[in-house]
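# A structural walkthrough
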Amino acid sequence: MSTPYSLSGGGSCPPGRVVHAPYRREPYIQAGFPDGAMSDGKALAWTQEYVLFHAEPDGVVTDEWVPAAAVTTIRREDSDWIDAYDLLA
């Protein structure tokens, strides 16, 4: 599995055309990370090769570009983490 695209080092996103999901309609995903960990969150944006993973478990915000090959779309009901703002929509 390739490593996540670094948000540090001057780049804010990977190369390629970035597509954004409509606000509060972001799909839920499960992402695999290089250390073997799996985590549920939302896909805020994506390119052909990367997905911007977002989650806030325990109040800690995580925004990280991960390889698209390491991401699976899941149903909201199947996610271990639910965006608190979804409850307001």
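Residues numbered from 1 in each chain as written. Predicted model: local features only at pLDDT ≥ 70, side-chain atom pairs only at ≥ 80, totals over all residues. Heavy atoms only, no water.

What follows concerns the confidence of the model for the protein. In this model, the protein carries a mean pLDDT of 86, and residues with pLDDT of at least 70 account for 84%. Taken element by element, the predicted model of the protein shows its lowest mean pLDDT in strand S5 (residues 62-67) (92) and its highest in strand S6 (residues 71-74) (98). (pLDDT = per-residue confidence, 0-100. Helix = DSSP H or I, 4+ residues; strand = E, 2+ residues; numbered from the N terminus.)

In this section: the environment of alanine 31. One can find alanine 31 in strand S2 (residues 28-32). The class for alanine 31 is buried, based on a relative accessible area of 0%. Distance in space between the C-alpha atoms of alanine 31 and proline 67 is 8.7 Å, their sequence separation being 36 residues. Beyond its immediate sequence surroundings of up to four residues, alanine 31 is in contact with Ala37, Met38, Ser39, Phe53, Val66, Ala70 and Val71. (Buried < 20%, exposed > 50% of the residue type's maximum accessible area, 1.4 Å probe, protein only. Contact = heavy atoms within 4.5 Å.)

Bringing the pairing of S2 into the picture now. Where burial is concerned, most of S2 is hidden: four out of the five residues are buried. In this structure, S2 lies alongside strand S3 (residues 38-46), joined through five bridges in antiparallel fashion. Within S3, the residue paired with glutamine 30 across the bridge is aspartate 40. Between the antiparallel neighbours S2 and S3 lie five residues, among them glycine 36 with a positive phi of about 95°. (Pairing = 2+ DSSP bridges.)

Moving on to the environment of alanine 45. Residue position: alanine 45 is located in strand S3. The buried category is assigned to alanine 45, whose relative accessible area is 0%. It is 4.3 Å that separates the C-alpha atoms of alanine 45 and histidine 20, two residues lying 25 residues apart in sequence. When sequence neighbours within four positions are dropped, the list of residues in contact with alanine 45 reads Val18, Val19, His20, Val51, Leu52 and Trp65.

On to the nonpolar core. Of all hydrophobic cores here, the largest spans eleven residues; its members are Tyr28, Ile29, Ala31, Phe33, Ala43, Val51, Phe53, Ala55, Val66, Val71 and Trp81. Where this core is concerned, the elements lending two or more residues are S2 and strand S4 (50-55). Once residues within four sequence positions are removed from consideration, valine 51 is found in contact with Ile29, Ala43, Ala45, Trp46, Glu64, Trp65, Val66, Ala68 and Val71. (Core = buried A, V, L, I, M, F, W, Y, C linked by side-chain atoms within 4.5 Å.)

What follows deals with the pattern of salt bridges. For the structure on display, the rule yields six salt bridges. Across the pair arginine 76 and aspartate 86 runs a salt bridge whose closest N-O atoms are separated by 3.2 Å. Of this pair, arginine 76 sits in the segment after S6 while aspartate 86 sits in the segment after S6, placing them ten residues apart in sequence. Owing to a relative accessible area of 32%, arginine 76 belongs among the partly exposed residues under this scheme. (Salt bridge = Lys/Arg side-chain N within 4 Å of Asp/Glu carboxyl O.)

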